[in-house]
Amino acid sequence: MYVLETRTLATAKLPLPSAQLKRPGQPAVLQIYSPKILPLRKLQTRLKGRIRKLHQRKPSPFHLRISYDLVVTSDARFLPKDFRGIPRLQIRAGPAFGTGEHATTRLCLRYVVQFMRKHGSRPKSCRVLDLGCGTGVLGLAAARLGARVEGWDSDPVAVQEAERNLRLNRLGKRVCFRQRDVLRDAVPGTDLIVANLYDHLLLHLLPRFEPHRRAGTTLLLSGILKGQENSIIRTATKLGWKMEHRGRLGRWFCLQFSAR
Ligand SMILES: C[S@@+](CC[C@H](N)C(=O)[O-])C[C@H]1O[C@@H](n2cnc3c(N)ncnc32)[C@H](O)[C@@H]1O
């Protein structure tokens, strides 16, 4: 996996499989992951002088304990002793977003686990919809705890990665991932919608969830930068949602709403 680090480039303009803005608020560092070095070299030539660094990244294994219910790991072979015996989810570090390390994902994982614990006696009857699934980490976490899950992503590479992680975790028929656009395709009925997207996208999406609010769905929204949380809360409240939890990790917020 090669990583190209640069400053102040808009992700949308880059013809590359996956791009991620690190350390928002500080001097911007854009990390672009690509399995091949060629497109990065071409980009480096095109953007003479603006590229800071091009290097090969050796993924180091990470392990994340969400609670006594779940550990997320990139490589179960290196799992610390204390974490063994806890239900685990293995997520491959690849081109899609969502290893579990990012604050927005970690916050969601915490609330997904809480939600599943609440449905502890009947987890199999619980349906979860993971919008913008990336690696599939959030949906797969819910499935590991018993839910039936559908995950959507508009990026075909992400859907492939999510399916790969599904096979890796042998969660079989309980989960399906589809290439879908959350702004265009009809959102099916479900008990929990989890959406770790960008705040402007969440604002567009909220009115589309009206039938789900009436049906009693719980809504978990993440990917909200500090300063944006109030506009999400205001919009959701106007639409009739009741805020249940407001989680924060660094500059990131995760908000849980229920139908009033
Ligand atoms: C921040 S990542 C979240 C990944 C993972 N769910 C997690 O929590 O780590 C957002 C994902 O949403 C997807 N996405 C962006 N716009 C979308 C859209 N309009 N419809 C579906 N997926 C979209 C991106 O491709 C990306 O994989």
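Above this text sits the structure in question.
Since this is a predicted model, take the numbers as computed values, not measurements. Here the residue index of a chain counts from 1 through its sequence in written order. Totals for whole chains, interfaces and linings use all residues, but because this is a predicted model, local features are given only for residues with pLDDT of at least 70 and pairs of side-chain atoms are given and counted only at 80 or more. As a rule here, side-chain values come from all non-hydrogen atoms in the structure, and water together with hydrogens is ignored.

### Considerations on the packing of helix H2 (residues 103-118) against helix H3 (residues 137-144)
Right, on to step 1. Working convention: axes come from line fits to C-alpha atoms, limited for helices to the stretch in contact. Angles between N-to-C directions cover 0 to 180 degrees. Secondary structure elements are defined from DSSP: runs of H or I of at least 4 residues count as helices, runs of E of at least 2 residues count as strands, and each element is numbered from the N terminus. Viewed as axis vectors pointing N to C, H2 and H3 meet at an angle of 25°, and their least axial separation amounts to 10 Å. Between H2 and H3, the crossing angle belongs to the class labelled roughly parallel. Once H2 is placed against H3, the crossing between them reads as right-handed. Between H2 and H3, the residues in contact are Thr 105, Cys 108, Leu 109, Val 112 and Met 116 and Val 137, Leu 138, Ala 141 and Ala 142, respectively. Roughly parallel means an angle under 35 degrees; roughly antiparallel means over 145; roughly perpendicular covers 65 to 115; every other angle is labelled oblique. Whether a crossing is left-handed or right-handed is set by the direction in which the near helix is turned from the far one by less than a right angle, anticlockwise for left-handed and clockwise for right-handed. Note on contacts: a residue pair is in contact if any heavy atoms of the two residues lie within 4.5 Å.

### A short note on the sheet that holds strand E6 (residues 70-73)
Right, on to step 1. Strand pairing follows a simple DSSP-based rule, namely that at least 2 bridges must link the two strands. In space, the 3 strands of this open sheet follow the order E5-E6-E7, with mixed pairing throughout. Pairing within the sheet leaves two strands with one partner each, and these edge strands are strand E5 (63-67) and strand E7 (88-90). Geometrically, the sheet is characterised by an average inter-axis angle of 20° between neighbouring strands, direction not taken into account.
Right, on to step 2. In the sheet, E6 pairs with E7 via 3 bridges, with the strands oriented parallel. Looking across to E7, one finds that Thr 73 is bridged to Gln 90.
Right, on to step 3. Those strands touched by H2 are E5 and E6, and its axis lies near 40° from that of E5.
Right, on to step 4. Across the sheet, H3 touches E6 and E7, and the angle it forms with E7 is around 150°.

### Considering the site of the ligand
Right, on to step 1. With respect to spatial proximity, 18 residues lie near the ligand, and among them Thr 105, Gly 132, Asp 153, Asp 181 and Asn 196 are the closest.
Right, on to step 2. Polar contact is defined as a pair of N or O atoms within 3.5 Å, subject to the rule that within protein one atom must be able to donate a hydrogen and the other to accept it, and that residues adjacent in sequence are counted only when both atoms are side-chain atoms. Between the ligand and the protein, one listed contact pairs an oxygen atom with a side-chain N or O atom of Asn 196 at 2.8 Å.
Right, on to step 3. Note that accessible areas follow from Shrake-Rupley with a 1.4 Å probe, and for residues the cover is restricted to the protein chains shown. Calculation on the ligand without its partners gives an accessible area of 600 Å², and the protein chains cover 90% of this total.
Right, on to step 4. Residues are grouped as follows: Ala, Val, Leu, Ile, Met, Phe, Trp, Tyr, Cys and Pro are nonpolar; Asp, Glu, Lys and Arg are charged; every other residue, Gly included, is polar. Broken down by class, the residue content of the shell around the ligand amounts to 8 nonpolar, 6 polar and 4 charged. It suffices for a single heavy atom of a residue to lie within 4 Å of a molecule or strand for the residue to be listed as near it.

### Let's talk about the pairing of strand E14 (residues 252-259)
Right, on to step 1. Partly exposed residues are those whose accessible area sits between 20% and 50% of the maximum for their type, while under 20% is buried and over 50% is exposed, using a 1.4 Å probe and protein chains only. Among the 8 residues of E14, 7 are classified as buried, and the element is accordingly described as predominantly covered.
Right, on to step 2. Of the strand pairs in this sheet, strand E12 (residues 218-225) and E14 are connected by 5 bridges, and their pairing is antiparallel. Paired with Ile 224 across the bridge in E14 is Phe 253.
Right, on to step 3. Pairing between strand E13 (residues 241-249) and E14: 8 bridges, direction antiparallel. Bridge pairing in E14 links Met 243 to Phe 257.
Right, on to step 4. Hairpin remark: E13 followed by E14, antiparallel, with 2 residues in the connecting loop; positive phi at Gly 250, about 60°.

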